[in-house]
Each structure stands twice: as structure tokens, then as C-alpha cells.
Amino acid sequence: MKKYLVIGNPIKHSLSPKLHNYWFKKYNLSNHNYDKRKVTEDDLKKVILEIKNDKLAGLNITVPFKRSIIPFCDILDKTAEDLRSVNTISKKNGKIIGWNTDSLGFLDCLKASNIMDEKKSVFILGAGGVTSAVLDALWGFGSKQIYLSNRTKDKAIELKNMFKDKFDKIEILNWEEKPKKKCGIVINTTSMGLAKTDLINIDFNEYENKKSNQEKSIFIDLIYSQKTNFLKAAEKRGNLAIDGKIMFLGQAKYSFNIWTNILPKIDTNTLELFKND
Ligand code: ATR
């Protein structure tokens, strides 16, 4: 049996097992199985050892370990190395390989969302392990001006240094401070929203969009497991609200490809799987 895991904390919300087990079945990989496990930082070494000992075949990594898993990898693929973020682990010739498929997954989301002129200026909340992938995808998509607000400012500054040559402008803001200028896209990359009571205290009143001919703004939340307060408020204002499902499916599709050499199709049956989630 080839066993795969998604590890994180919290992990209860993860739909990765449902999706990957669906694909294992669909592509007749009956000896493959995917589960989730809540871990702490101290468990990372042990989990990697399970891969080395062939007890596990591969991993997905989620909040908050995308950065802290890096020292346990023998090799990083170029994207994971550039973005300093790993969401997928495989093993080849006894070596632990760390990959990043979040960037491609988020690019899938941007491409699928009919975003046009809005892409120029982007306000990003968060500077965690996934935010470098979001910035990478936005750069590939043609965004120009970035505004970054994170609770821990140093992490935002680190991202600015990583990406300063790729954008016309990256401005760092205090946590829950918004840019003076209205942005075309606002993205929540924080884990604020995983708990139903989580609230991001920013007043987006000037983004109110009640008339259909008005310039629309797009609000994206990477969280896919529920409609967050951030997106509920965006819908109420009349903004286009996009959750993290397409990105989730995209990153999963590319992880699946790394493990099995199969690139699954995201068809209506796949989307149907998550209708009630
Ligand atoms: P990962 O590396 O897996 O993405 P992470 O680095 O912990 O996980 O990132 C989570 C993001 O959510 C970070 O931007 C984090 O802010 P900090 O960099 O200050 O930790 C943000 N976040 C988590 N809990 C938060 C909270 N209660 N308030 C504000 N931001 C929060």
C-alpha cells in the first residue's frame, strides 16, 4: 500500500484526502491511500523518517509548516527553492524532494476567474508560507503594484526583498491597514477565517459595488473549506468573491502528477465532489 498524508495544524478542515482518494480510485490506483494528520513542529522529523522508511510515499504540507519543513528536504525543486515554501513531498532514489505546486494552483485560479484590468493593483493580507506562491503567480499573471499587510511585519519585508525586482511597486502596510488607493484585487492569504469567529478588521466600505456598470473589485480568500467572513462581507458589498477551491484543486492536481505521473482532469465530477463542502 502506498500511503500519502496531508500534515498541518489545524487539519480537520482539509479536503485533500477526499480529493486524492477520489483520483486514486478514478485512475485505478487501488493500492494508494491518502489521509490527514495533525502534527506539531516536533513531529516533522518523525514524519519525514516515515517516508525514508517507506511507511509513507508522499506528503502535502499545509499551514503552518510550509517553511519549517524545508530543512528536512534533501532536494528542493526550483519553485520551492525560489519561493522558500514547500507544499508537496516525494521521494526519489532515497532522497526527500520538496516541491511547491501552490504557485501553479493559484495561477489556475487567476486564469479561471476572468480577471482582466483588475489585476494591476493587488492588496495582499498575510505573508505566510503560501504568500510567496501567490506573489509568484501574480507576477506571472501581469500584476504591477502590490500592497502587503501582515501581523508580523518582518515577514512582509522579507517577501518584498524577494520580489522587489518583479513588480513596479511593493508597499508594506501595518497589519489591518489598507492601501490609500483602491485596489483591483484583494487577497486573504492568512489563516484568519479557518475558525468561524475569525474576523479581519478592515473597513472596505469604499469597495461597495451596488451598480452593475461600476468598476468591480475582486476579493479572493485562499481558504476553501468554508465561506469566510472576509468573503461574506465582499459578497454583501457586491464584489466578486472567489474562494480557494480552484487553487486547492490546482495545487492538488500538480501534486498528484508528481506522485503518479498522471495529471488529473478537473471536470464537473471533481467539482461535484465539493458541492456540499
Ligand atoms: P504557512 O507557512 O503554512 O502559510 P504561516 O506562516 O503560519 O503558515 O502563515 C499563516 C498566515 O496567517 C501568516 O500571514 C500569519 O501572520 P504572521 O506572519 O504574523 O504569523 C497569519 N495569521 C495567522 N493567525 C493570525 C492572526 N490571529 N492574526 C493575524 N494574522 C494571522
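About the thresholds
Note on numbering: residues in each chain are counted from 1, in written sequence order. Totals for whole chains, interfaces and linings use all residues, but because this is a predicted model, local features are given only for residues with pLDDT of at least 70 and pairs of side-chain atoms are given and counted only at 80 or more. The basis for every side-chain value is the complete set of heavy atoms in the structure, and neither hydrogens nor water enter the calculation. We call Phe, Tyr and Trp rings a pair once their centres come within 6.5 Å, taking the six-membered ring for Trp, and we label the pair stacked below 30 degrees between planes, edge-to-face above 60, and tilted otherwise. Only protein chains enter the accessibility calculation, which uses a 1.4 Å probe; a residue whose area is less than 20% of its type maximum is buried, one above 50% is exposed, and one in between is partly exposed. Here a strand is any run of E in DSSP of at least two residues, a helix any run of H or I of at least four, and the numbering for each starts at the N terminus. Only strands that DSSP links by at least two bridges are regarded as paired with each other. Working convention: axes come from line fits to C-alpha atoms, limited for helices to the stretch in contact. Angles between N-to-C directions cover 0 to 180 degrees. Contact definition: two residues touch when any of their heavy atoms are within 4.5 Å. Using protein atoms alone on a 1 Å grid, points that fit a 1.4 Å probe yet trap it form a cavity, whereas open point sets bounded by protein on both sides within 12 Å along at least five of seven lines form a pocket; residues with an atom within 4 Å of a point count as lining. Grid points are joined across faces, edges and corners, and a volume is the space filled by probe spheres set on the points. Orient the strands so they point away from the viewer, and a crossover whose first-strand-to-second-strand path over the helix runs clockwise is right-handed. Start and end positions for the domains come from either an automated domain assignment or a database one. When two parts are brought into contact, each loses some accessible area as probed by a 1.4 Å sphere; the total of that loss over both is the buried area. What makes a patch is a set of residues exposed beyond 30% relative accessible area and free of salt bridges, joined within 9 Å when like-charged and within 5 Å when nonpolar (Val, Leu, Ile, Met, Phe, Trp, Tyr). A 1.4 Å probe and the Shrake-Rupley method give the accessible areas. Residues count as covered only by the protein chains that appear here. Within this document, salt bridges are pairs made up of a side-chain nitrogen of Lys or Arg and a carboxyl oxygen of Asp or Glu, the two lying within 4 Å of each other. For each residue, the test is whether any non-hydrogen atom lies within 4 Å of the molecule or strand; if one does, the residue is near. The definition of a polar contact used here is a pair of N or O atoms within 3.5 Å, where within protein one atom must be able to donate a hydrogen and the other to accept one, and adjacent residues in sequence count solely through side-chain atom pairs. Cavities and pockets are treated as containing a molecule whenever more than half of the molecule's atoms lie within 2 Å of their grid points.

Quick notes on the packing of aromatic side chains
- With the rule as written, the count across this model stands at 15 aromatic pairs.
- With a centroid separation of 5.4 Å and an interplanar angle of 85 degrees, the aromatic rings of Phe-204 and Tyr-207 are classed as edge-to-face.
- Residue Tyr-207 is classed as buried on the basis of its relative accessible area, which comes to 2%.
- Aromatic side chains Phe-204 and Phe-219 sit 5.1 Å apart centroid to centroid with 85 degrees between the ring planes, which places their arrangement in the edge-to-face category. Residue Phe-204 is located in the loop between strand 10 (185-188) and strand 11 (218-221), and its partner Phe-219 is located in strand 11; the two are separated by 15 residues in the primary sequence. Assigned by exposure class, Phe-204 and Phe-219 land together as buried.

Examining the sheet that holds strand 8 (residues 145-149)
- Within the open sheet, the 6 strands sit side by side as 9-8-7-10-11-12. Their pairing is parallel. Taken across any chain shown, the strands that pair with only one partner, and hence form the sheet edges, are strand 9 (169-173) and strand 12 (240-242). If you compare each strand with its neighbour and ignore which way they point, the axes differ by 15 degrees on average.
- Two elements, strand 11 and strand 12, share 3 bridges in a ladder whose sense is parallel. From the neighbouring strand, Phe-219 faces strand 12, where its bridge partner is Ala-241.
- Across the sheet, helix 5 (residues 131-141) lies against strand 7 (121-125), strand 8 and strand 10, angled at about 170 degrees from strand 7, the strand it touches most.

Description of empty space enclosed by the protein
- Within the structure shown, the criterion is met by 2 cavities of 30 Å³ or more.
- Approximately 410 Å³ is the volume found for the largest cavity.
- Every residue lining the largest cavity is counted, 24 residues in all, and those nearest its centre are Thr-62, Val-63, Lys-66, Leu-222 and Tyr-224.
- For the lining of the largest cavity, the secondary structure elements donating two or more residues are strand 3 (58-61) and helix 8 (245-260).

Quick word on the pairing of strand 2 (residues 32-38)
- As paired elements, strand 1 (residues 2-8) and strand 2 share 7 bridges and run parallel to each other. Bridge pairing in strand 2 links Leu-5 to Asp-35.
- After leaving strand 1, the chain enters helix 1 (residues 16-26) and then returns to the sheet as strand 2, a path that is right-handed.

A look at the sheet that holds strand 2
- Spatially, 2-1-3-5-6-4 is the arrangement adopted by the 6 strands of the open sheet, whose pairing is mixed. Each having just a single partner strand, strand 2 and strand 4 (75-76) make up the two edges of the open sheet.
- Two elements, strand 4 and strand 6 (residues 95-99), share 2 bridges in a ladder whose sense is parallel. Residue pairing in the sheet places Leu-76 in a bridge with Gly-98 of strand 6.
- This element, helix 2 (residues 44-52), spans strand 1, strand 2, strand 3, strand 5 (88-92) and strand 6 of the sheet and lies at about 40 degrees to strand 5.

A word on the domain arrangement of the protein
- Its domain assignment divides the protein into domain 1 (2-100 + 246-272) and domain 2 (103-243).
- Domain 1 and domain 2 are separated by 25 Å when their C-alpha centres are compared.
- Opposite the 21 residues of domain 1 that make contact, domain 2 presents 21 residues.
- In total, about 1,700 Å² of surface goes out of reach between domain 1 and domain 2, with carbon and sulfur atoms giving 67% of it.
- Contact with domain 2 buries area across many residues of domain 1, yet Leu-83, Ile-246 and Met-247 alone supply 37% of it, more than any other trio.

Quick notes on a nonpolar patch on the surface
- On the surface, Ile-246, Ile-266 and Leu-271 cluster together into a nonpolar patch covering about 210 Å² of accessible area.
- With respect to the secondary-structure elements, Ile-246 resides in helix 8.
- A relative accessible area of 32% places Ile-246 in the partly exposed class.

Examining the site of the ligand
- Surrounding the ligand, one finds 18 residues, the nearest of these being Gly-129, Asn-150, Arg-151, Thr-152 and Lys-155.
- At 2.7 Å, a side-chain N or O of Asn-150 approaches an oxygen atom of the ligand.
- At 2.5 Å, a side-chain N or O of Thr-152 approaches an oxygen atom of the ligand.
- Here the ligand has 620 Å² of accessible area as a free molecule, and 83% of this is covered by the chains.
- The cavity that encloses the ligand is the largest pocket.

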